[in-house]
Amino acid sequence: MFRGLIHSIKEAFFQIFRNKVMSFVSILSISAMLMILGVFFFLTVNVNNMTENIKGEFDTIEVFLEDYTTKADAQEIARTLSTLGEVESIEYVDRDQAMEEFRERWGDKAYLLDTLSDNPLPNSLRIKLSGLEGGSLVAEVAKTTIGVEDVRYYQNEVNKVLSISEAIQKVTFVMILFLIVVSIVVVSSTIKLAVMSREAEINIMKYVGATNWFVRGPMLIEGMLIGAISAGIALGAISYAYMRVSEFFGDEALKLFSSNLVEADFMITNLAWIFMALGISIGAVGSIISMRRFLKV
Amino acid sequence: MIRFENVTKRYDDITAIDGVSVDIADGDFVFLVGPSGAGKSTFIKLISKELSPDSGRIFVGGQDITRLSRRRIPELRRQMGMVFQDFRLLPGKTVYQNVAFAMEVVHSTRRTIKRTVPQVLSIMGIADKADQLPQTLSQGEQQRVAIARAVVNNPKLLIADEPTGNLDPDTAWEIMKLLSQINRRGTTVVMVTHAKDIVDRMGRRVIAIDGGHIVRDSQEGEYGYDV
Ligand SMILES: Nc1ncnc2c1ncn2[C@@H]1O[C@H](COP(=O)(O)OP(=O)(O)OP(=O)(O)O)[C@@H](O)[C@H]1O
Ligand SMILES: [Mg+2]
């Protein structure tokens, strides 16, 4: 068994070097496809991350209260609204606190607010939702409640973003499946060429009593090695590109919806696993497919 | 060693072997003769389990191989050596490697291989060619390499499909001497041939096949056909 494994590994390396062109073509195509896949992965993870951030930020409904409402009225309204589903918490924000937050948000331009003679902001209730689905109902109910002046809830915007990100994810998923199938086909046909050029050799092996595994083992390992090498190459290229991109965009332009790019370290570690697993399985499946018909002698 | 019981093998519409029953004893030396298309190669392929019969039963070395699972074919093949008209050597490997290869397949240790291969090469009279590639050898020498490979694992049975078909008469006779030598060491030999002079000169058992039937089986036979 052990000797068999050593034989397989030695023979696999020998074959990769012997079929330089085919090995090269396979490695090229698998790593190219892994790189494309990496770009999609990068896209989905970031879109996903962005979506989560957006959800986190927009799961709040702000209910502005009429000036005549007292704190007690506010608490009454809060109690009514909190019986609705998906309301996680309701916080009372009085106008002074609201002004304070305003100043904070404006930062060094807060002095502009000093020109205001008195605080124009209303008291409000800040409703945290546990999910986005029931948000519109809560907003609807709040709007018709006596004592409520206005309700701010970015439902449409949120839904738009969500449906875009869902679409991106669907497309990515289909692309990834497609790429995997394509690369399995490429690998299996390159290995098949290699196998065909060795058909005589394989037949002779069978005549002298080689088991299928004696023939198959080296080819399987050959495919897996090719996959692993490709994964390494793709990972190197993608990591480099991603680090450059996140260096470039990291703090600046891509602060879309206050969401930064996902950290390079995290991405690269995950990509490493994904690439290795995918590369090796593509290599293995490719060689298994290409070997099947040659082992019947 | 080999026993056919009422064996029939068809290819689509041709019946290549038609209800053949025959016994070949351990240590026998048997010629299989007959006109082209008679079914000789089919007979050989049934023994090596390259083909399975449509009906009847086949035993090799006491084992019923009629319904042998594919997984167990390697085990069967290791009990036999095979030699072909076209030698079937690996062009990229040296003579030594071609023979050693058959031992690697059965997982012999490196030490055993190193000890055994030179011995076999020298018995075959090609010890000095060990490091050459097959294509640089003469036809006769190539066939010696093929025989060396076939017998290096000490098989109980050697089957040869026209092993002298590509050789001139003198070289063919040299090969025949090697095969008899192997047979004298106890290996059963089954050989397909069209060479009347060899069959007549050896005076061994001859099984004549025609149209898928055994038409003659004589212990100290002669070729019996005018080719
Ligand atoms: N794979 C195959 N498919 C269909 N028919 C076949 C196949 N192999 C052999 N045959 C037919 O079966 C018959 C017996 O063939 P076989 O090869 O056994 O003959 P043979 O006695 O070895 O002939 P030769 O002396 O020419 O080698 C022939 O009619 C041949 O055409
Ligand atoms: Mg034939």
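Residues numbered from 1 in each chain as written. Chains lettered and ligands numbered in written order. Predicted model: local features only at pLDDT ≥ 70, side-chain atom pairs only at ≥ 80, totals over all residues. Heavy atoms only, no water.

### Here we look at the environment of Arg216 of chain B
Residues and elements named next belong to chain B.
Then comes step 1: As for its position among the elements, Arg216 is in strand 10 (residues 213-218).
Then comes step 2: Arg216 sits 183 residues away from Val33 along the chain, and the two C-alpha atoms are 9.6 Å apart.
Then comes step 3: At 3.4 Å, the side chain of Arg216 forms a polar contact with the side chain of Ser218. (Helix = DSSP H or I, 4+ residues; strand = E, 2+ residues; numbered from the N terminus. Polar contact = N/O pair within 3.5 Å; in protein donor to acceptor, adjacent residues only side chain to side chain.)

### Describing the confidence of the model for chain A
Then comes step 1: Scored by pLDDT, chain A has a mean of 80; 93% of the residues are at 70 or more.
Then comes step 2: At the low end of the mean pLDDT range in chain A sits helix 1 (residues 2-18) of chain A, at 77; at the high end sits helix 8 (residues 212-249) of chain A, at 86. (pLDDT = per-residue confidence, 0-100.)

### Topic: the domain arrangement of chain A
Then comes step 1: Here chain A is partitioned into domain 1 (2-54 + 159-295) and domain 2 (60-130).
Then comes step 2: Spacing between the C-alpha centres of domain 1 of chain A and domain 2 of chain A amounts to 53 Å. (Domains from an automatic or database assignment.)

### Looking at the site of ligand 1
Residue and element names in this part refer to chain B.
Then comes step 1: Around ligand 1 there are 13 residues in total, and Ser36, Gly37, Lys40, Ser41 and Thr42 lie nearest to it.
Then comes step 2: Between ligand 1 and Ala38 there is a distance of 3.2 Å, counted from an oxygen atom to a backbone nitrogen or oxygen.
Then comes step 3: Notes on ligand 1: free accessible area 630 Å², of which the protein chains cover 63%.
Then comes step 4: Broken down by secondary-structure element, the contributors of at least two residues to the shell around ligand 1 are strand 2 (14-24) and helix 1 (40-47).
Then comes step 5: By residue number, the principal contributor to the shell around ligand 1 is helix 1, which donates three residues. (Near = heavy atom within 4 Å. Areas by Shrake-Rupley, 256 points an atom, 1.4 Å probe, with all protein chains shown as cover.)

### With respect to the pattern of salt bridges
Then comes step 1: Counting across every chain of the model gives 17 salt bridges over all chains.
Then comes step 2: Where Arg126 of chain A meets Glu62 of chain A, a salt bridge forms, and the shortest distance between an N and an O atom there is 3.7 Å. Of this pair, Arg126 of chain A sits in strand 3 (residues 124-129) while Glu62 of chain A is found in strand 1 (residues 60-65), placing the two residues 64 residues apart along the sequence. Take Arg126 of chain A and Glu62 of chain A: they sit in the same class, and that class is buried.
Then comes step 3: Residue Arg205 of chain B is joined to Asp217 of chain B by a salt bridge in which the shortest nitrogen-to-oxygen separation is 2.8 Å. In this pair, Arg205 of chain B sits in strand 9 (residues 205-210) while Asp217 of chain B sits in strand 10, placing the two residues twelve residues apart along the sequence.
Then comes step 4: Taking the relative accessible area as the measure of exposure, Arg205 of chain B reaches 7% and is therefore buried.
Then comes step 5: Salt bridges linked by common partners bring Arg3, Glu5, Asp23, Arg57 and Asp64 of chain B together as one network. (Salt bridge = Lys/Arg side-chain N within 4 Å of Asp/Glu carboxyl O. Buried < 20%, exposed > 50% of the residue type's maximum accessible area, 1.4 Å probe, protein only.)

### Things to note about the nonpolar core
Within soluble globular proteins, side chains that are nonpolar tend to cluster in buried spots.
Then comes step 1: Ranked by size, the top nonpolar core spans 89 residues in total, and within it Phe275 of chain A together with Phe31, Met124, Met176 and Leu179 of chain B carry the most contacts.
Then comes step 2: Top contributing element to this core by residue count: helix 8 of chain A, with eleven residues.
Then comes step 3: Excluding anything up to four places from it in sequence, Met124 of chain B contacts Arg144, Ile147, Ala148, Val151, Leu178 and Ile182 of chain B.
Then comes step 4: Formed by 32 residues, the second largest nonpolar core is a distinct cluster that contains Val22, Ile24, Leu46 and Leu76 of chain B. (Core = buried A, V, L, I, M, F, W, Y, C linked by side-chain atoms within 4.5 Å. Contact = heavy atoms within 4.5 Å.)

### With respect to the packing of aromatic side chains
Then comes step 1: Tallying each qualifying case throughout the model produces three aromatic pairs over all chains.
Then comes step 2: For the pair Tyr207 of chain A and Phe84 of chain B, a centre-to-centre distance of 4.9 Å together with 50 degrees between the ring planes defines the contact as tilted. With Tyr207 of chain A in helix 7 (residues 199-207) and Phe84 of chain B in strand 6 (residues 80-84), this residue pair bridges two chains. A single burial state applies to Tyr207 of chain A and to Phe84 of chain B, both of which are buried.
Then comes step 3: Here Phe29 of chain B and Phe31 of chain B contribute two aromatic rings whose centre-to-centre distance is 5.3 Å and whose plane-to-plane angle is 55 degrees, an arrangement assigned as tilted.
Then comes step 4: Against the face of Trp213 of chain A rests Arg216 of chain A, its NZ or CZ located 4.7 Å from the ring centre. (Phe/Tyr/Trp six-rings, centres within 6.5 Å; stacked < 30°, edge-to-face > 60°. Lys NZ or Arg CZ within 6 Å of the ring centre and 35° of its normal.)

### Let's talk about the sheet that holds strand 6 of chain B
Residue and element names in this part refer to chain B.
Then comes step 1: Taken in spatial order, the six strands of this open sheet run 6-7-8-3-9-10, and their pairing is mixed. Each edge of the sheet is formed by a strand with only one pairing partner; in this case those strands are strand 6 and strand 10. Mean inter-strand twist for the sheet, computed between neighbouring axes without regard to direction, equals 15 degrees.
Then comes step 2: As paired strands, strand 3 (residues 29-33) and strand 8 (residues 188-192) are joined by four bridges and run parallel to one another. The residue bridging Leu32 from the neighbouring strand is Val192, located in strand 8.
Then comes step 3: Helix-sheet contacts for helix 5 (residues 139-151) involve strand 6 and strand 7 (157-161), and the interaxial angle to strand 6 is about 165 degrees. (Pairing = 2+ DSSP bridges. Axes fitted to C-alpha atoms, helices over the stretch in contact; angles between N-to-C directions.)

### Concerning the interface of chain A and chain B
Then comes step 1: Contact with chain A, which involves 17 residues of that partner, is made by 20 residues of chain B.
Then comes step 2: Both sides together, the interface formed by chain A and chain B hides about 1,700 Å², and carbon and sulfur atoms give 62% of it.
Then comes step 3: Counting the contacts that link chain A with chain B gives zero salt bridges.
Then comes step 4: Where chain A meets chain B, there are four residue pairs in polar contact (both at pLDDT 80 or more).
Then comes step 5: Breaking the side of chain A that touches chain B down by element, the ones donating at least two residues are helix 1, helix 7 and helix 8 of chain A.
Then comes step 6: The dominant element in the side of chain A that touches chain B, judged by the number of residues it contributes, is helix 7 of chain A, at five residues.
Then comes step 7: A breakdown of the residues in the side of chain A that touches chain B according to their chemical character gives eight nonpolar, four polar and five charged. (Buried area = accessible area lost by both parts, 1.4 Å probe. Nonpolar A, V, L, I, M, F, W, Y, C, P; charged D, E, K, R; others polar.)

### What to know about helix 5 of chain B
Then comes step 1: Taking 1.5 Å of rise per residue, 13 residues should cover 18 Å, and helix 5 of chain B covers 18 Å from first to last C-alpha, within 8% of that figure.
Then comes step 2: In terms of burial, helix 5 of chain B is largely enclosed, as eleven of its 13 residues are buried.
Then comes step 3: Contact partners of the buried residues in helix 5 of chain B: helix 7 of chain A together with strand 6, helix 3 (95-105), helix 4 (110-123), strand 7 and helix 6 (169-184) of chain B. (Expected span 1.5 Å × (residues − 1).)

### Some remarks on a nonpolar patch on the surface
Residue and element names in this part refer to chain A.
Then comes step 1: Together, Leu5, Ile9, Phe13 and Phe17 make up an exposed nonpolar region whose accessible area comes to about 380 Å².
Then comes step 2: Inspection of the secondary structure puts Phe17 in helix 1.
Then comes step 3: For Phe17, a relative accessible area of 55% translates into the label exposed. (Patch = residues over 30% accessible without salt bridge, like charges linked within 9 Å, V, L, I, M, F, W, Y side chains within 5 Å.)

### Examining the packing of helix 3 of chain B against helix 5 of chain B
Residues and elements named next belong to chain B.
Then comes step 1: Remark: helix 3 packs on helix 5, axes separated minimally by 8 Å, with the N-to-C direction vectors making an angle of 25 degrees. Judged by the inter-axis angle, helix 3 sits roughly parallel to helix 5. In this structure, helix 3 crosses over helix 5, and the sense of that crossing is right-handed. Counted together, Val95, Asn98, Val99 and Ala102 of helix 3 and Val145, Ala148 and Arg149 of helix 5 form the full contact between these two elements.
Then comes step 2: Within the contact of helix 3 with helix 5, the residues separate by chemical class into five nonpolar, one polar and one charged. (Parallel < 35°, antiparallel > 145°, perpendicular 65-115°, else oblique. Left-handed = near helix turned anticlockwise from the far one by under 90°.)

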